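Residue-level structure breakdown
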Amino acid sequence: RRPPPTRLWLSALHAPMLLDSVRAALASRSQTLLPSLHAEGTDCYRLFHGATEGEPGCTLERFGDLLLWQTFRDPPDMDPQELLPRLRDLVEDETGVPLRAVHWNARQKRQRSREGVLVPPGAPLLAAEHVGSEIGLKYRIDVPPPGRDPNLYLDFRAARRWLAANSEGRDVLNAFAFTCGAGVAALAGGARHVTNLDFSQSALDVGRENARLNGLPAGAFECVCGDALPALRQLAGLPTNTDRRSRGGRGRGGGRAGNRRASGRGGGGASSLAPRLRQRAFDVVVPPPPARTSLLG
């Protein structure tokens with residue numbers, strides 16, 4: 001008979017060690033990386049990546065005036081009401097960047113339970129139309145709802161940079177578009193037309209706002225709200241199947257779309273589960289980012 005598998009339990013983040021690790025990360029970035037990002041018009045970037053810098057399970061990121069600390073495993077051993085100001089002061093001292101707001105985004109539900117010891121503070125106030133910048137492009141940045149992603153995937157920057165430099169005169173399909181960051185980069189880079197496909201109408205609405213912020217032509221920036229697989233089959237000229245949600249698949253209560261709908265951030269307001277689309281050819285197709293990228297922190 002096989003012995004039961006060994007479980008490795010991770011202890012809570014130890015605040016003094018965390019602060020020391022963040023200080024070292026900031027010192028290394030402040031010499032060349034941050035000045036180069038600022039020079040190209042970027043104020044959205046990761047300041048600390050715990051998985052590779054000594055504190056697995058957390059990240060510290062800047063989005064314009066917002067400092068966002070995210071934890072993916074266990075909470076810290078210090079009250080966030082005390083820890084968050086210390087993180088902000090540390091970032092401002094090491095980088096010289098003033099920050100108006102700092103927020104803890106506890107990505108696991110058990111970290112956000114009021115039955116636990118720690119309760120994340122309320123969301124800080126940002127400007128009504130707060131934006132962040134990346135390679136000179138503007139993106140709407142809000143405080144993310146509890147446990148949800150911020151409006152801009154930092155791990156997808158290399159793809160946005162490539163699109164900005166290689167989309168001139170091309171038709172681009174931005175599949176699983178979220179808030180259309182890749183679509184904005186492609187159209188700003190001279191794409192002839194961009195089609196953004198996502199299940200969440202509210203995410204696409206943010207994408208349209210991103211296009212407006214950058215003065216991009218609305219007629220060349222198409223947003224299609226619907227279930228990706230039936231839509232992609234139509235675009236490819238293939239017969240469509242019944243929508244997955246009607247069969248109780250992952251879109252019904254789980255997965256990216258179901259979670260968004262349950263959180264109130266997405267799903268609701270979708271105009272059609274499988275909109276009628278004509279067969280089309282695209283020069284560039286942007287796939288979704290790796291499904292577990294955000295968990296690497």
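Before going into details, it helps to say that this report is about the structure given with it. (Residues numbered from 1 in each chain as written. Predicted model: local features only at pLDDT ≥ 70, side-chain atom pairs only at ≥ 80, totals over all residues. Heavy atoms only, no water.)

1. Structural notes on helix α3 (residues 80-95)
- Between its first and last C-alpha, α3 extends 22 Å over 16 residues, near the 22 Å set by a 1.5 Å rise per residue.
- For α3, the full list of buried residues reads P80, L83, L84, L87, L90 and V91. Down the axis of α3, the smallest arc covering the buried residues is 125°, so these residues share one side. Among the exposed residues of α3, those oriented more than 90 degrees off its buried face are Q81 and D93.
- As for α3, its buried residues are in contact with α1 (15-31), β1 (44-49), β2 (58-63), β3 (66-71) and β4 (101-106).
- N-capping of α3 is provided by D79, with a side-chain oxygen placed 2.8 Å from the backbone N of Q81.
- Looking one or two residues beyond α3, the residue adopting positive phi is G96, at roughly 75°. (Helix = DSSP H or I, 4+ residues; strand = E, 2+ residues; numbered from the N terminus. Expected span 1.5 Å × (residues − 1). Buried < 20%, exposed > 50% of the residue type's maximum accessible area, 1.4 Å probe, protein only. Arc of directions from axis to C-beta. Contact = heavy atoms within 4.5 Å. Polar contact = N/O pair within 3.5 Å; in protein donor to acceptor, adjacent residues only side chain to side chain.)

2. Side note on the pairing of strand β6 (residues 137-140)
- The two faces of β6 differ: L137 and Y139 on one face are buried, but K138 and R140 on the other face are not.
- Relative to β6, strand β5 (residues 131-134) runs antiparallel, the two being bridged by four bridges. Following the sheet pairing, E134 is matched in β6 by L137.
- Between β5 and the antiparallel strand that follows it, β6, lie two residues; I135 among them carries a positive phi value of about 40°. (Pairing = 2+ DSSP bridges.)

None of the figures reported here should be taken as evidence of function without further support.
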